[in-house]
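Chains, contacts and geometry: an overview
Here is how the chains run, residue by residue.
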Amino acid sequence: QVQLAESGGGSVQPGGSLRLSCAASGSNLRINSMGWYRQAPGKQRELVATITTTGSTNYADSVKGRFTISGDNAKNTVYLQMNSLKPEDTALYCCNLVREVWVGVRANYWGQGTQVTVSS
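To keep things clear, this report deals only with the structure shown in the data block. (Residues numbered from 1 in each chain as written. Predicted model: local features only at pLDDT ≥ 70, side-chain atom pairs only at ≥ 80, totals over all residues. Heavy atoms only, no water.)

What about the sheet that holds strand β7 (residues 67–72)?
- The antiparallel open sheet is built from 4 strands, whose spatial order is β1-β3-β8-β7. In this open sheet, the two strands that pair with only one neighbour each are β1 (3–7) and β7. Ignoring which end each strand starts from, the neighbouring axes of this sheet average 15 degrees apart.
- Across 5 bridges, β1 lies against strand β3 (residues 18–25) in antiparallel orientation. Across the sheet, the residue bridging to alanine 5 is alanine 23, located in β3. (Pairing = 2+ DSSP bridges. Helix = DSSP H or I, 4+ residues; strand = E, 2+ residues; numbered from the N terminus. Axes fitted to C-alpha atoms, helices over the stretch in contact; angles between N-to-C directions.)

Notes on the environment of phenylalanine 67
- Mapped onto the fold, phenylalanine 67 is located in strand β7.
- Looking at phenylalanine 67, the relative accessible area reads 3%, which means it is buried.
- Taking the C-alpha atoms as reference points, phenylalanine 67 and serine 17, separated by 50 residues in sequence, lie 9.5 Å from one another.
- The residues touching phenylalanine 67, leaving out its near neighbours within four places in the chain, are Arg38, Val48, Tyr59, Leu80, Gln81, Met82, Asn83, Leu85, Asp89 and Tyr93. (Buried < 20%, exposed > 50% of the residue type's maximum accessible area, 1.4 Å probe, protein only. Contact = heavy atoms within 4.5 Å.)

Things to note about a nonpolar patch on the surface
- A cluster of nonpolar side chains, Trp102, Val103 and Val105, forms an exposed patch at the surface whose accessible area comes to about 360 Å².
- Here valine 105 lies in strand β10 (residues 105–110).
- We classify valine 105 as partly exposed; its relative accessible area is 39%. (Patch = residues over 30% accessible without salt bridge, like charges linked within 9 Å, V, L, I, M, F, W, Y side chains within 5 Å. Areas by Shrake-Rupley, 256 points an atom, 1.4 Å probe, with all protein chains shown as cover. Salt bridge = Lys/Arg side-chain N within 4 Å of Asp/Glu carboxyl O.)

Some details on the packing of aromatic side chains
- Under the definition given, this model contains 1 aromatic pair.
- Residues tyrosine 37 and tryptophan 110 carry aromatic rings whose centres are separated by 5.0 Å and whose planes lie at 70 degrees to one another, so their mutual orientation is edge-to-face. Taken together, the residues span a long stretch of sequence, with tyrosine 37 in strand β4 (residues 31–39) and tryptophan 110 in strand β10 at a distance of 73 residues.
- Positioned over the ring face of tryptophan 110 is arginine 45, at 4.1 Å from the centre of the ring. (Phe/Tyr/Trp six-rings, centres within 6.5 Å; stacked < 30°, edge-to-face > 60°. Lys NZ or Arg CZ within 6 Å of the ring centre and 35° of its normal.)

Thoughts on the pairing of strand β5 (residues 46–52)
- Relative to β5, β4 is paired through 6 bridges, and the arrangement is antiparallel. Looking at β5, one finds that serine 33 is bridged to threonine 52.
- Hairpin connection, β4 to β5: the antiparallel pair is bridged by 6 residues, and glycine 42 has positive phi, about 80 degrees.
- Direction of pairing for β5 relative to strand β6 (residues 57–59): antiparallel, over a ladder of 3 bridges. Counted as the bridge partner of threonine 50 is asparagine 58 from β6.
- Hairpin geometry of β5 and β6 is characterised by an intervening segment of 4 residues between the two adjacent antiparallel strands and by a positive phi of about 100 degrees at glycine 55.

Laid out in structure tokens, this is it:
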């Protein structure tokens, strides 16, 4: 079993910053990548940013230049530094993990999410 523990969400004013953390636990995780997705009420879940264990990153166009994803392989932890936050960033942010369960076979795992609210 894989478990994801998320933290760092909260309420901030526009232009403020938050740092999200997601720590993965379990045996023989064999992680390929971790990342963050977000979902606002009534809207589809969307990708925010992902990072592989080798350091390759991917960002949604809407957050490029404002958000930075990083990881600590030794701690099986991923971080999302969010700067210059906007009201449209308000959403439940969920951690995602992709791991190899067999040769050529991958599986997705999701955290319960941490709420980010940006308002004046």
